[in-house]
Amino acid sequence: MYEQKTKETDHSVVEFIEQVESPKKREDAYRLLEIFEETSGFPAKMWGPSIIGFGSYHYRYASGHEGDAPFVGFSPRKAKISLYFAPGDDQREELLANFGKHTAGKGCVYINKVADIDIEVLKQLIRESIAFLKKAYPDQP
């Protein structure tokens, strides 16, 4: 049976950010923490060893696979900062067109630094992702 690797933990978000080697990336992590908490309305929680997530929802796929995940989140990784938004949301691509310098994968958006992006578009991405997931998984708190 599949065991979900990325689960919510009780580890300290601040302690995690303080371990980020680059002072600039650490500063950006604190800025993102503030933006994500304020915009999402959820407190920051660690998910696994390196993802800072906000809120949570329970998903169940047609395959039977199910688990819990944060609505949105980020991780100040060594190479780039990973931003996590809902995969499958059509609005995401439209918003990313005006986001600023980034690259995107299926569920992640990668940035080098906060100065490269439009903060208002980031806030829209956070709100849109949460609304999309609450609509897709309506039995959420």
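Per an unreviewed UniProt entry, the protein is named DUF1801 domain-containing protein, and its organism is Paenibacillus lautus.

1. Re the pattern of salt bridges
The full count for this structure, using the stated rule, is 8 salt bridges. Here Lys78 and Glu21 are joined by a salt bridge, their closest N and O atoms 3.6 Å apart. One end of the pair, Lys78, is in the loop between strand S5 (72-76) and strand S6 (81-84); the other, Glu21, is in the loop between helix H1 (13-18) and helix H2 (23-40), and 57 residues separate them in sequence. Between Glu93 and Arg92 there is a salt bridge; the shortest N-O distance is 3.6 Å. Owing to a relative accessible area of 6%, Arg92 belongs among the buried residues under this scheme.

2. Describing helix H4 (residues 119-136)
Helix length check: H4, at 18 residues, gives a terminal C-alpha distance of 26 Å against a target of 26 Å (1.5 Å per residue), a fit within 8%. Regarding H4, the residues found buried are Ile119, Val121, Leu122, Lys123, Leu125, Ile126, Ser129, Ile130 and Leu133. Where H4 is buried, its residues meet H2, strand S3 (57-60), S5, S6 and helix H3 (90-96). The distance from a side-chain oxygen at the start of H4 to the backbone nitrogen of Glu120 is 2.8 Å, and the residue carrying that oxygen is Asp118.

3. A short note on the pairing of S3
Side chains Tyr57 and Tyr59 of S3 all project onto a buried face; the interleaved residues His58 and Arg60 project onto a face where none is buried. With 4 bridges connecting them, S3 and strand S4 (residues 66-69) associate as antiparallel partners. Residue pairing in the sheet places Tyr59 in a bridge with Gly67 of S4. Between the end of S3 and the start of S4, which pair antiparallel, lie 5 residues, with Gly64 showing a positive phi angle near 100°.

4. Structural notes on the packing of aromatic side chains
Within the structure shown, the criterion is met by 8 aromatic pairs. With a centroid separation of 6.5 Å and 15° between ring planes, the pair formed by Phe36 and Phe85 is classed as stacked. A residue pair is termed long-range when its members are at least 10 positions apart, and Phe36 in helix H2 and Phe85 in the loop between S6 and H3 qualify at 49 residues. For the pair shown, Phe36 and Phe85 are each scored as buried. Taking 5.5 Å as the distance between ring centres and 35° as the angle between the ring planes, the aromatic pair formed by Phe42 and Phe71 counts as tilted. Here Phe42, found in the loop between H2 and strand S1 (44-47), pairs with Phe71, found in the loop between S4 and S5; they are 29 residues apart in sequence, far enough to count as distant. By relative accessible area, Phe42 is classed as partly exposed at 23%. An aromatic cluster of at least three residues, connected via ring pairs, comprises Phe42, Tyr57, Tyr59, Phe71 and Tyr137.

Criteria and cut-off values
- Residues numbered from 1 in each chain as written.
- Predicted model: local features only at pLDDT ≥ 70, side-chain atom pairs only at ≥ 80, totals over all residues.
- Heavy atoms only, no water.
- Salt bridge = Lys/Arg side-chain N within 4 Å of Asp/Glu carboxyl O.
- Helix = DSSP H or I, 4+ residues; strand = E, 2+ residues; numbered from the N terminus.
- Buried < 20%, exposed > 50% of the residue type's maximum accessible area, 1.4 Å probe, protein only.
- Expected span 1.5 Å × (residues − 1).
- Contact = heavy atoms within 4.5 Å.
- Polar contact = N/O pair within 3.5 Å; in protein donor to acceptor, adjacent residues only side chain to side chain.
- Pairing = 2+ DSSP bridges.
- Phe/Tyr/Trp six-rings, centres within 6.5 Å; stacked < 30°, edge-to-face > 60°.

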